[in-house]
Amino acid sequence: MRRFWALARSAALEALAEPLSAILFLVALLAVHLLPVFHLHQFGEAGRLSRECGFSALLVFGLVFATSAAVHAIGRELESGTAAAALARPVPRSMFFCAKVAGVLAAFALFLLSVAGATLLSVVTSQMGRIVTQGDVLVWGPGVAAGAGGTLLAFALAALGNGILRTRFCVGACLLMALAQPVALAGILFFNHSPVPWSLLPALGVLAMGCSVFVVMAGALAVCLKPAAVSALMTVAVLLSFVRPLRAVMPDINRFWLVDAFTSGGTIPARELCAAAGAGALLVAFWLVVGSVLLARREIP
């Protein structure tokens, strides 16, 4: 298990150390906080646009971040020979694959944490805007300042740490931006006791489980295909999951997109949440087995 955690930790750090990772964190969080500012017309109840921005950020930016990290963690190490050096030691190939994927999923969990915090804060900000402006469709200024400002401040602190302490900029930026979201939410709630839609968290978790299937699938395909081919196949797979999913091997993303259930104060039955999460877990396990088998059969010089 010590080797497993070492491999997983290295994969997580490599995923966060990519320059694209910090950019995706920054753009996703700013989109969640700033897009509701342009909510200048009646668009359902307060917080609806914030909810959908949060779920969309996780689905779009989260998938780009995690699938590219999985391709790099598996495919790049196989091509560069790093995997051969690790497998020369008493490390089973199945453990190597599962550890690398686990590290990427841990980095994706950090992305989920940051988006979840930003979404809750954005919804609270939209609700407070409706109250403070007495019905006008506006957001609450201090909430937007705390969310977007905290994100930019975290990015700047990571750059400062890199310049003074020589810390890794991209890793520090991702960690600090993720930490800034719950801190900003706690600060806003300390000064203004607004209701927080905690029920969004299980739905975000279910969507993350559906995205995790594509992450593990990308890692499995990277065992035997070039990164460009994997990226093309993953694009096709994600598009198919919306229109005609092959449910035996990929998730029906419409079953994991549960944000519409919250319209007009609605809720999601626990049975529906468990069914979607269970289906995602089974597909993750399936692709872990596929990736382990493909890696076991691949010749590594």
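Provided above is the structure to which this section pertains.
Calculation rules
- Residues numbered from 1 in each chain as written.
- Predicted model: local features only at pLDDT ≥ 70, side-chain atom pairs only at ≥ 80, totals over all residues.
- Heavy atoms only, no water.
- Helix = DSSP H or I, 4+ residues; strand = E, 2+ residues; numbered from the N terminus.
- Rg over C-alpha atoms; globule rule 2.2 N^0.38 Å.
- Contact = heavy atoms within 4.5 Å.
- Areas by Shrake-Rupley, 256 points an atom, 1.4 Å probe, with all protein chains shown as cover.
- Lys, Arg positive; Asp, Glu negative; His and termini not counted.
- Charge placed at Lys NZ, Arg CZ, Asp CG, Glu CD.
- Salt bridge = Lys/Arg side-chain N within 4 Å of Asp/Glu carboxyl O.
- Axes fitted to C-alpha atoms, helices over the stretch in contact; angles between N-to-C directions.
- Parallel < 35°, antiparallel > 145°, perpendicular 65-115°, else oblique.
- Left-handed = near helix turned anticlockwise from the far one by under 90°.
- Nonpolar A, V, L, I, M, F, W, Y, C, P; charged D, E, K, R; others polar.
- Phe/Tyr/Trp six-rings, centres within 6.5 Å; stacked < 30°, edge-to-face > 60°.
- Buried < 20%, exposed > 50% of the residue type's maximum accessible area, 1.4 Å probe, protein only.

**A short note on the overall build of the chain**
A count of helices and strands for the chain gives 11 helices and zero strands. Secondary structure elements of the chain, listed N to C terminal, follow the sequence α-α-α-α-α-α-α-α-α-α-α. Its C-alpha atoms give the chain a radius of gyration of 20 Å, near enough to 19 Å, the size a compact globule of 301 residues would have. Taking the principal axes of its C-alpha atoms as reference, the chain extends roughly 70 × 50 × 30 Å. Nonlocal contacts in the chain, meaning residues at least 24 apart in sequence, comprise 79% of its contacts between residues at least 6 apart. Carbon and sulfur atoms provide 70% of the accessible area of the chain, an area that totals close to 14,000 Å². In the chain, which carries 19 positive and 11 negative side-chain charges, the distance between the mean positions of the two groups comes to 10 Å.

**Side note on the pattern of salt bridges**
Tallied over the full model, the rule gives three salt bridges. R48 serves as the salt-bridge partner of E52, at 3.5 Å between the closest nitrogen and oxygen. Taken together, the positions of E52 and R48, both in helix α3 (residues 48–80) and four residues apart, correspond to about one turn of that helix.

**Let's talk about the packing of helix α8 (residues 200–221) against helix α9 (residues 227–243)**
When two helices pack together, their arrangement is given by the angle between the helix axes and by the axis-to-axis distance. In contact at an axis separation of 10 Å, α8 and α9 are set at 150° when each is read in the N-to-C sense. The angle between the axes of α8 and α9 places the two elements in the roughly antiparallel class. Crossing angle aside, the handedness with which α8 passes α9 is right-handed. Where α8 abuts α9, its residues F214, M217, A218 and L221 lie against V230, L233, M234, A237, V238 and S241. Residue classes in the contact of α8 with α9 are distributed as nine nonpolar, one polar and no charged.

**What about the packing of helix α1 (residues 2–17) against helix α7 (residues 169–191)?**
Across the interface, α1 lies against α7 with an axial gap of 7 Å and an inter-helix angle of 90°. Accordingly, the angle class assigned to the pair α1 and α7 is roughly perpendicular. Contact residues: L13, L16 and A17 in α1; C170, V171, C174 and L175 in α7. Of the residues belonging to the contact of α1 with α7, the class tally is seven nonpolar, no polar and no charged.

**Thoughts on the packing of aromatic side chains**
Inspection of every chain in the model, using the stated rule, returns eight aromatic pairs. A ring pair is formed by F4 and W5, whose centres lie 5.3 Å apart and whose planes are at 85°; its orientation type is edge-to-face. Pairing F190 with F191 gives two aromatic rings, centres 5.1 Å apart and planes at 90°, and the pair type is edge-to-face. We note that F190, like F191, is exposed. Through pairs of rings, three or more aromatic residues link up here, namely F25, F65 and F111.

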